Protein chains: 8
Amino acid sequence: MNTEIKQLLEALRQGQLSTEEVYLRLKMKPFEDVGYARVDLHRKLRQGAAEVIYGAGKTPKQLQGIVRSMKKNGEKRILITRLFEEGAEALKEAEGFTYYPEAKVGIIGDFPTPDGLGTIVVATGGTSDIPVAEEAALTAEILGNQVTRLYDVGVAGLHRTLAHLEELMSAKVVIAIAGMEGALASVIGGLVDCPVIAVPTSVGYGASFGGVSALLSMLNSCASGVSVVNIDNGFGAAYQASMINHISLV
Amino acid sequence: MNTEIKQLLEALRQGQLSTEEVYLRLKMKPFEDVGYARVDLHRKLRQGAAEVIYGAGKTPKQLQGIVRSMKKNGEKRILITRLFEEGAEALKEAEGFTYYPEAKVGIIGDFPTPDGLGTIVVATGGTSDIPVAEEAALTAEILGNQVTRLYDVGVAGLHRTLAHLEELMSAKVVIAIAGMEGALASVIGGLVDCPVIAVPTSVGYGASFGGVSALLSMLNSCASGVSVVNIDNGFGAAYQASMINHISLV
Amino acid sequence: MNTEIKQLLEALRQGQLSTEEVYLRLKMKPFEDVGYARVDLHRKLRQGAAEVIYGAGKTPKQLQGIVRSMKKNGEKRILITRLFEEGAEALKEAEGFTYYPEAKVGIIGDFPTPDGLGTIVVATGGTSDIPVAEEAALTAEILGNQVTRLYDVGVAGLHRTLAHLEELMSAKVVIAIAGMEGALASVIGGLVDCPVIAVPTSVGYGASFGGVSALLSMLNSCASGVSVVNIDNGFGAAYQASMINHISLV
Amino acid sequence: MNTEIKQLLEALRQGQLSTEEVYLRLKMKPFEDVGYARVDLHRKLRQGAAEVIYGAGKTPKQLQGIVRSMKKNGEKRILITRLFEEGAEALKEAEGFTYYPEAKVGIIGDFPTPDGLGTIVVATGGTSDIPVAEEAALTAEILGNQVTRLYDVGVAGLHRTLAHLEELMSAKVVIAIAGMEGALASVIGGLVDCPVIAVPTSVGYGASFGGVSALLSMLNSCASGVSVVNIDNGFGAAYQASMINHISLV
Amino acid sequence: MNTEIKQLLEALRQGQLSTEEVYLRLKMKPFEDVGYARVDLHRKLRQGAAEVIYGAGKTPKQLQGIVRSMKKNGEKRILITRLFEEGAEALKEAEGFTYYPEAKVGIIGDFPTPDGLGTIVVATGGTSDIPVAEEAALTAEILGNQVTRLYDVGVAGLHRTLAHLEELMSAKVVIAIAGMEGALASVIGGLVDCPVIAVPTSVGYGASFGGVSALLSMLNSCASGVSVVNIDNGFGAAYQASMINHISLV
Amino acid sequence: MNTEIKQLLEALRQGQLSTEEVYLRLKMKPFEDVGYARVDLHRKLRQGAAEVIYGAGKTPKQLQGIVRSMKKNGEKRILITRLFEEGAEALKEAEGFTYYPEAKVGIIGDFPTPDGLGTIVVATGGTSDIPVAEEAALTAEILGNQVTRLYDVGVAGLHRTLAHLEELMSAKVVIAIAGMEGALASVIGGLVDCPVIAVPTSVGYGASFGGVSALLSMLNSCASGVSVVNIDNGFGAAYQASMINHISLV
Amino acid sequence: MNTEIKQLLEALRQGQLSTEEVYLRLKMKPFEDVGYARVDLHRKLRQGAAEVIYGAGKTPKQLQGIVRSMKKNGEKRILITRLFEEGAEALKEAEGFTYYPEAKVGIIGDFPTPDGLGTIVVATGGTSDIPVAEEAALTAEILGNQVTRLYDVGVAGLHRTLAHLEELMSAKVVIAIAGMEGALASVIGGLVDCPVIAVPTSVGYGASFGGVSALLSMLNSCASGVSVVNIDNGFGAAYQASMINHISLV
Amino acid sequence: MNTEIKQLLEALRQGQLSTEEVYLRLKMKPFEDVGYARVDLHRKLRQGAAEVIYGAGKTPKQLQGIVRSMKKNGEKRILITRLFEEGAEALKEAEGFTYYPEAKVGIIGDFPTPDGLGTIVVATGGTSDIPVAEEAALTAEILGNQVTRLYDVGVAGLHRTLAHLEELMSAKVVIAIAGMEGALASVIGGLVDCPVIAVPTSVGYGASFGGVSALLSMLNSCASGVSVVNIDNGFGAAYQASMINHISLV
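Given the structure is predicted, the values throughout are model-derived calculations rather than measurements.

**Here we look at the overall build of chain A**
At step 1: Counting its secondary structure elements, chain A contains 10 helices and 9 strands.
At step 2: Among the 250 residues that make up chain A, the fraction classed as buried is 62%.
At step 3: Excluding contacts between residues fewer than 6 apart, the proportion of contacts in chain A whose partners are at least 24 apart in sequence is 65%.
At step 4: On chain A, roughly 9,300 Å² of surface is accessible, and the fraction owed to carbon and sulfur atoms is 52%.

See below:
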């Protein structure tokens, strides 16, 4: 697959390029030219998926610049996470831009037709976890996944969780989002046999310590098949879930 | 009820005691003599219940001394918690002594006939929590409670929990004991409508931090009606559960 | 008591409903229809008690919607905790609504006649703990309990605590609320022989760490019969206290 | 699929069973009988996979009992994690038992032919992480996965990591195991486009705090597609990796 | 008081020493020679008091060497804290040596006649705190203080504390030693009007975190006049208490 | 000294009061009437000193009410700590009121003539610690102490510390106030032979954790004679320092 | 070099000054007069370098005063760190003042010609780390160093880091600045053979804990030759880097 | 300098190697072959210096194997850190092996003649810090540095620190090693104008938290020019100090 390097070497062999030229090009090129082509692709998503911008800490001007440059490069779908009002305001002129204020997500372009293996369930313990859940759900959707939202199915009312066994059990991946004591991940992890990606949220007060209690709870889950991402990191969970749902079959 | 003080005052009024004598006796007596008689009783249990010794950090000799002195004072039932092998060895000669090595509990005297309002359920998430659970169960029994043990009913196998709904729902108090992520307390708290006393255990590894994860999880329980005691404190949970189960009806 | 299920089965037996209809209704209904009727009741309070809404993180509009729907369902008493100004403003039109700004509590409907076994004492260490205490006291009252408020009886002026021995000792449950070093729970726990539910508060500065010091202090209480709820969780303490005070005697 | 319930209802309709009998059977059965049959399967692995025993905290006798009972039930492959010398000694008589002392893993039965989609790479930062890695690798293998071991490829010698780009990039899942600063997960996460499951280890000293530094590092990974399990939890990572590698394609 | 420097300068002025000689001696001498004589005394105790050796981490041989050297220098009283069995064994030949195993304290020489302003009270919450208390008490005594020991007067049995009001109130300083929730310091601080030095101990389990809970509790004491030393630092508390009790009146 | 009780008893003996009347008065009175008169005095300062109000968390109205009531009771000097702008505004009409905005301290009445044994030095590591230092200095002054302020004498410029050896060494107590690494307490503790009360401040950023680093540093001081109060607690340090400086000589 | 002291002594010897005068001047002078001249210089930078003011917590007025006084003393270059808008506004009139708002740095005077041994590389993981990096870069420049800025070269896109190997490897010191998981320091530390000073930043969310995760990661770096400064302390890193780059060769 | 690659390319151009051969060799070689030659050297020390083995967690057999292989490769000097008794025993046969039990360091080969710019001072606060200091000193010496040991010069006896100003001030780098409150780094940092590398040690008890207090103290040092390494990491400090002392002058 490293055809480019081979071409370089071939051109050298045939005298079309000098040793110095080949040496320089081997050295000056981006890393992937030396045979690690996929390196450069590490943040690229599969064909048809969106490019991602982490909006937090970027000025409106910076955001405009990055979006403009991406569009010039032919990007059709762009996902901007942690995009606050001010930034959204600056991008509202961009063609095809939609802002989802609850999720603090901006999306440029239309959603692709889902092409994953199956459905990703995004479940939350309470209603206060919904902003994180929407970040996850929109991320999964823009990456080409079918998403089922199960919100406010926390374990304090276990029948609410159990009422959705059907959806939970037919999922390819479940993203379990909860604050406070974070027990949702363990209960779902005990019910399903697909991977569960747990997202602790900063919902709670007192000894919830901004999501630390939920985080620890999820890390210690007695259910097998549960892994965890950072507090409030709906995007990260959805990104990995999409990877799983789009696992290459070859 | 402060008849003693009244008698003192009356004796003064009648000239049987001098002002100085009464003053001195008011001052020198233990606190409870001044009308707060129950103060002295604060560690006493109801009629028929056991006296309690916290065994940890006491030498075999000290334990022997304390037990001897209690027996001389007429105590018939003595509960010794955190009693390690060495201490148990020292007490094995004491009449009526039984040692429960798993629970690290020693008991002198026989168990009383249960006289509480109903049953206390002691439930654990896993088998490793059983030593703490046995400390709780034996404490509750020596304090005169009917105890139902539900061990290894953790939420990772939710059907195990649900299989015992009957017992859980007919309890007067449930003691929910779990390590790792401690989700048992929330799930049970969401199922029953009696008080749940949660006991985090030090069972687990890594980010369980010796029970801290379970403790935080339980403190943040989204289920109402759950309170928490110290890590591994089976005794404390059972003591309060017994108080509730023996609540005075007048 | 599962009369509804029995009626369904009976209707099936008598040919009034088809097997499919009965199966569907068993399946579609909330969980309790399958024989776990009390499950659905887990957040319901006893007859005559209030329904509870956790106000934090709900928009004024959401609050209005929830209240409207509850009223439509015949709820006469609604307790809304953590209800901030804005939310209270939105509900002020609701019939029978009263707002308690200090406690951040809204109540719809009148207080029921107390029907518990006895009195719940709500005690605080200082005046700054009063908002948490009022959340507890109002919760207990709307749930049908007689409440005695003992505010600012902290242990730094021990005579203030001791001056109320009478009330403390005649309580069925004591809710001990304190920030800073949280010693109140231990001192009261050493004085009374009823359950003490300790509520650490975020009152303090520096090494109080937003209530963590008080929380740890209370978890380590050397007094038996003390359990703990989350920092500032006056509602949770009162809810459990009410459960104890309304313990079913059968 | 709830044919059993339907049969019950049908029997009622046809008068073969009384209403009471049907009601009782609906109520008394284990949970899964009511249509949630897969609940019971939550810890079962796919066809052909092994049953799992968590060995820590189980006595040799308990281990023998559990294994005997499983074998009686026809289990052919059993994986015992956290199995210490003493326990292994007790099981050495069991037919087909092999003990892997470094990984503290015992396996009964032979390894299945790998049937996953592709390869799981197990990579470690250093040689001290190998015990955790072996727990992961053996778990993955007994669950039917092809495993590639890349040990001691930590980022302090970046060329060591990069020398294995080929293997890393052709994996279906990478399990990145590292102690100390845990940077391996981020570097690998930035190189591959499959899911990375990060396992912090307790390797290190001083401010590594028994694996907490590596854990935090991994949770904060700036690379997308990384999720995390508990410190030293090689089993958990492999279990989820196997789920991903065996994702059902329908 | 800097007579030495003045003599140097005078000798220079009178031509007895050259400028260079004086300059050199000013520069080469130990720091205290330049007028800060007390610097060197900072670890010296008042006349008649003992020299202190911190025994932890010193080998038996090192201890023997230090003691021999001190004795050669005329020290009559030596206090060795944190002196474990092995070290005590090595010193038992030293003239006038006594070992206090509970307190892990060794003392060489006899106790001085108390010469402080009054009495130092050493109070503990429980019996397990006694080793720390004895370190404090012996330190105070060897430094020339009258000590009153009040052990096991913890607040869970408040009458035990109050029974000693007389002693507490007539103290010049109170050293309040407690583990677990450390409430003793606050309660005593609220009763007396002399300085209270609080010593948290590592007594406890679970969420006592090796004394951290008691430490935080004491730092947050709502009683004025309480300061705190390190966990288990009986020596430090007694050292400062002795300073206060020996405050110079000029 | 319990003349009041004696008078009561005498009146009873002489028939001027009935037994019931005396009993009632013994019971209804504040605690000190029963012989623990000093209890009530625990927050009272010596003759001539000020009464203290902790201003934080009190509304302007509450502050006005408390001050009015104290003045009615004859208090001439009142110290109000943690008094923010709004509260100060509400009290500015009070006779003799002065507000110290930097220290957030309000004082009613004039400063007393110092009557302690000697001088209290208030030293800070940097200029940012001055607000805490002024709280300490003003507290000490209103309690009747001579105060020497040594500000910005931190150890990073050791000559600044050493330049004040004279003042440090002639102090009766030193209050060492520092944020960041809090080394000032150790350095001063190593120089002087009077008690040092260390006050960590929340000055710093990053890993200073709001004063925790300084707090830990001070608790671990290798200098003897150092004790510590809560972060930013200038008042508490000065209060104890004043106790020491006013130690009763009988 | 202590010519001043020698002059004093000489003047004494020659009778130009009395013993008392010389004694007084030795004592009253700053510490360095007694032979520790460099002490006073500890915050002075090499010839030609800038004086430093830590702007945080200083009022605009204080800043003006300090700058005025420094200028009067002949300082030509002044670096003011943590200088917020308000303070910058107050200094804008000062001659030669420039404000760098992103870095929150103010500089008075022109930049010196670099005179260090080589180049200092300032590298950041992401764009959000740039403010800290600019504080470092400007500090290094005003102290006379050649600086190469390598921003946004984080390890999640390893080719970005590797693309700058040339610059990294020719540096005398590298300052590696990163938030989140802080892996940049380890990767760079593994690539270069000059000292790496790591600066954790508070960039991140959730379990980044305001920079603690990056801090711990850097402290545990498996690469040799890495040391760490406080979170966000760009100045401190640059100051030490400049020391290294200006190491005296004699 | 990439002569090897150039030779490869040249060989290709001249037809001595085929395109495939060159491509393969470019790909198969270690990373450094592609132009990043120094990459492989990252753990190599300057000419004449020692190779380093981290002994902790390596079995005696592994150690023997690694040493044998290194010797075969011509290494003359090998430094083995964290080498415990058992490992040292296994290596004692190796030619030129010396074991330093206090420092837990093994050295194979003789010490090189110091060739750095100047002296590295290794200073400790107390005697218990000496093992860490010896690890640092031996590391520095084997890497070719002149080392001055200043042990037990802690700030509680400031004159002890100041007595060594001469040595401190003439150092090229100071390694400041201290446990407990770690103030030594700040005091030295304030005295010298060369880089100070601070090493917190786990010496202490109670709130020293295994070195965390010293670590935080050092990170918050108010002295400029101080950076920090991991707790007890004497090796790391010496390694960086040696880098500084051997800074390349071109």
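**So, the packing of helix α5 (residues 130-142) of chain A against helix α10 (residues 234-245) of chain A**
Residue and element names in this part refer to chain A.
At step 1: Close contact between α5 and α10 brings their axes to 7 Å; oriented N to C, the two are set at 30 degrees. In the crossing of α5 with α10, the sense of the turn from one axis to the other is right-handed. Across the interface between the two elements, V132, E135, A136, T139 and A140 from α5 touch G234, F235, A238 and Y239 from α10.
At step 2: By residue class, the composition of the contact of α5 with α10 is 6 nonpolar, 2 polar and 1 charged.

**Remarks on the relation of the copies chain A and chain D**
At step 1: For the pair chain A and chain D, the best superposition has an RMSD of 0.7 Å and corresponds to a rotation of 179 degrees with a translation of 0.3 Å parallel to the axis. Taken together, the rotation and translation describe the operation of a two-fold axis. If distances are taken from each C-alpha of chain A to the rotation axis, the shortest is found for V228 of chain A, at 2.6 Å.
At step 2: Most of the interface of chain A is mirrored in chain D, where 97% of its interface residues are also at the interface.

**Some points on the pattern of salt bridges**
All names here are of chain H.
At step 1: Tallying each qualifying case throughout the model produces 48 salt bridges over all chains.
At step 2: Taking the shortest distance from any N to any O, the salt bridge between D110 and R77 comes out at 3.9 Å. Residue D110 is located in the loop between β4 (105-108) and β5 (119-124), and its partner R77 is located in the loop between α3 (60-72) and β2 (78-81); the two are separated by 33 residues in the primary sequence.
At step 3: On the basis of relative accessible area, R77 is assigned to the buried category, the value being 16%.

**Focus on the interface of chain A and chain D**
At step 1: On the chain D side, the residues contacting the 36 residues of chain A number 36 residues.
At step 2: Carbon and sulfur atoms make up 63% of the surface buried where chain A meets chain D, a total of about 3,500 Å² over both sides.
At step 3: Remark: the boundary between chain A and chain D carries 12 residue pairs in polar contact (both at pLDDT 80 or more).
At step 4: In terms of residue count, α10 of chain A provides more of the side of chain A that touches chain D than any other element does, 5 residues in total.

**Focus: the pairing of strand β7 (residues 173-178) of chain E**
All names here are of chain E.
At step 1: Among the 6 residues in β7, 6 count as buried, and that is most of the element.
At step 2: Residue alternation in β7 divides its side chains into two sets, V173, I175 and I177 and V174, A176 and A178, and both sets are buried.
At step 3: In this sheet, β7 lies alongside strand β5 (residues 119-124) in parallel orientation, the contact comprising 5 bridges. The residue bridging V122 from the neighbouring strand is I175, located in β7.
At step 4: Sheet topology places β7 next to strand β8 (residues 196-200); 5 bridges connect them, and they run parallel. If you follow I175 over to β8, its bridge partner there is I197.
At step 5: As a crossover connection, the stretch from β7 through helix α8 (residues 184-191) into β8 is right-handed.

**Quick word on helix α10 (residues 234-245) of chain H**
For an α-helix, 3.6 residues make a turn, and residues three or four places apart therefore share a direction.
At step 1: With 12 residues, α10 of chain H extends 16 Å from end C-alpha to end C-alpha; this agrees with the ideal 16 Å at 1.5 Å per step.
At step 2: By the criterion of burial, α10 of chain H is predominantly enclosed, with 12 of the 12 residues buried.

**Focus on the pairing of strand β2 (residues 78-81) of chain G**
Residue and element names in this part refer to chain G.
At step 1: Burial along β2 is two-sided: I78 and I80 and L79 and T81, pointing in opposite directions, are all buried.
At step 2: The pairing of strand β1 (residues 51-54) with β2 spans 4 bridges and is classified as parallel. Across the sheet, E51 pairs through a bridge with I78, a residue of β2.
At step 3: A crossover connection joins β1 to the parallel β2 through helix α3 (residues 60-72); in handedness this β-α-β unit is right-handed.
At step 4: As paired elements, β2 and strand β4 (residues 105-108) share 3 bridges and run antiparallel to each other. Paired with L79 across the bridge in β4 is I107.

**Looking at the packing of aromatic side chains**
At step 1: Enumeration according to the criterion identifies 8 aromatic pairs over all chains in this entry.
At step 2: Each ring, one from F235 of chain D and one from Y239 of chain D, has its centre 5.6 Å from the other, and the planes form 55 degrees; the classification is tilted. Taken together, the positions of F235 of chain D and Y239 of chain D, both in helix α10 (residues 234-245) and 4 residues apart, correspond to about one turn of that helix.
At step 3: Note that R82 of chain E overlies the ring of Y205 of chain H, its terminal NZ or CZ placed 4.0 Å from the centroid.

**Section: the environment of I177 of chain G**
At step 1: Considering the arrangement of structural elements, one finds I177 of chain G in strand β7 (residues 173-178).
At step 2: In this structure the C-alpha to C-alpha distance between I177 of chain G and A136 of chain G, which are 41 residues apart in sequence, comes to 9.4 Å.

**Concerning the confidence of the model for chain A**
All names here are of chain A.
At step 1: Looking at chain A as a whole, its pLDDT mean stands at 84, while 86% of the residues score no less than 70.
At step 2: Across residues 27-48 the pLDDT falls below 50, and counting only partners more than four positions away or on other chains, this stretch makes 52 contacts in the model.
At step 3: Both confidence scores are given for the complex: pTM 0.86, ipTM 0.82.

About the criteria used
Residues numbered from 1 in each chain as written. Chains lettered and ligands numbered in written order. Predicted model: local features only at pLDDT ≥ 70, side-chain atom pairs only at ≥ 80, totals over all residues. Heavy atoms only, no water. Helix = DSSP H or I, 4+ residues; strand = E, 2+ residues; numbered from the N terminus. Buried < 20%, exposed > 50% of the residue type's maximum accessible area, 1.4 Å probe, protein only. Contact = heavy atoms within 4.5 Å. Areas by Shrake-Rupley, 256 points an atom, 1.4 Å probe, with all protein chains shown as cover. Axes fitted to C-alpha atoms, helices over the stretch in contact; angles between N-to-C directions. Left-handed = near helix turned anticlockwise from the far one by under 90°. Nonpolar A, V, L, I, M, F, W, Y, C, P; charged D, E, K, R; others polar. Least-squares fit on C-alpha atoms with pLDDT ≥ 70 in both. Salt bridge = Lys/Arg side-chain N within 4 Å of Asp/Glu carboxyl O. Buried area = accessible area lost by both parts, 1.4 Å probe. Polar contact = N/O pair within 3.5 Å; in protein donor to acceptor, adjacent residues only side chain to side chain. Pairing = 2+ DSSP bridges. Right-handed = clockwise from strand over helix to strand, strands pointing away. Expected span 1.5 Å × (residues − 1). Phe/Tyr/Trp six-rings, centres within 6.5 Å; stacked < 30°, edge-to-face > 60°. Lys NZ or Arg CZ within 6 Å of the ring centre and 35° of its normal. pLDDT = per-residue confidence, 0-100.

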